[in-house]
Amino acid sequence: MMLYAIFGNDVPDSLENRKAARPAHLARLQTLQDEGRLLMAGPFPAVDAVDPGAAGFSGSLIVAEFASLEAAEAWAVADPYVAAGVYAQVAVRPFRKVFPV
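Each chain carries its own residue numbering, running from 1 in the direction its sequence is written. For this predicted model, a pLDDT threshold of at least 70 governs which residues receive local features, and a threshold of 80 or more governs which side-chain atom pairs are given and counted, while totals over whole chains, interfaces and linings are taken from all residues. Side-chain calculation: all heavy atoms of the structure are included, whereas hydrogens and water are not.

1. Examining the layout of surface pockets
What counts, and what does not: Grid points spaced at 1 Å over the protein atoms alone were grouped into cavities, where a 1.4 Å probe fits but cannot get out, and pockets, open sets with protein on both sides within 12 Å along at least five of seven lines, with lining residues defined by an atom within 4 Å of a point. Grid points are joined across faces, edges and corners, and a volume is the space filled by probe spheres set on the points. The secondary structure listing takes helices from DSSP runs of H or I that are at least 4 residues long and strands from runs of E that are at least 2 residues long, numbered from the N terminus.
Its boundaries defined by the atoms lining it, the largest pocket holds a volume of some 220 Å³. Taken together, 15 residues make up the lining of the largest pocket; nearest its centre are Arg18, Arg22, Leu26, Pro43 and Tyr81. Among the elements of the structure, helix H1 (15-34), strand S2 (38-45) and strand S3 (57-66) are those that each provide at least two residues to the lining of the largest pocket.

2. Re the pattern of salt bridges
Our working rule: In what follows, salt bridge is the name for a side-chain nitrogen of Lys or Arg lying within 4 Å of a carboxyl oxygen of Asp or Glu. Categorising residues by exposure relies on relative accessible area from a 1.4 Å probe, with only protein chains included: less than 20% of the type maximum marks a residue as buried, more than 50% marks it as exposed, and the intermediate range marks it as partly exposed.
Going through the model one piece at a time under the given rule, you end up with four salt bridges. In this structure, Glu16 engages Lys19 in a salt bridge whose closest nitrogen and oxygen atoms are separated by 3.8 Å. Residue Glu16 and its partner Lys19 are both found in helix H1; the two are separated by three residues, about one turn of the helix. For Glu16, a relative accessible area of 54% puts it in the exposed group. For Glu35, the salt bridge is made with Arg37, and the minimal N-O distance between the two is 2.6 Å.

3. As for the environment of Phe66
Quick note on the threshold: Contacts are assigned to residue pairs that have any heavy atoms within 4.5 Å of one another.
Position of Phe66 among the secondary structure elements: in strand S3. Overall, Phe66 belongs to the buried group, its relative accessible area being 2%. Measuring from C-alpha to C-alpha, the distance between Phe66 and Leu38 comes to 9.5 Å, with 28 residues separating the pair along the chain. Those residues in contact with Phe66, other than ones at most four positions away along the chain, are Met1, Met2, Tyr4, Ile6, Leu32, Arg37, Ala71, Ala72 and Trp75.

What follows is the structure, encoded as structure tokens:
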């Protein structure tokens with residue numbers, strides 16, 4: 001098992017679709033957490049604020065453990081945000097955690 005960083009880049013004006021698909025998206029992340037495979041996950045606010053309000057989000061980052069790059073890519077493209085048209089693009093890269101130890 002290895003860590004992979006999954007970057008989802010939102011389409012413009014994704015907030016409403018993001019809100020609608022969020023429960024299913026979070027459920028998948030909860031499964032990874034329950035399995036002890038989730039290092040971190042969260043969105044990128046579209047503006048410099050914890051709560052971006054109507055500006056919404058520009059994308060998301062998920063760092064989790066998968067058996068292979070192919071498994072991580074398959075998981076990423078099956079995300080509800082992809083199906084709901086929230087993400088314009090998803091990229092997956094191998095990730096090596098150094099800190100914190």
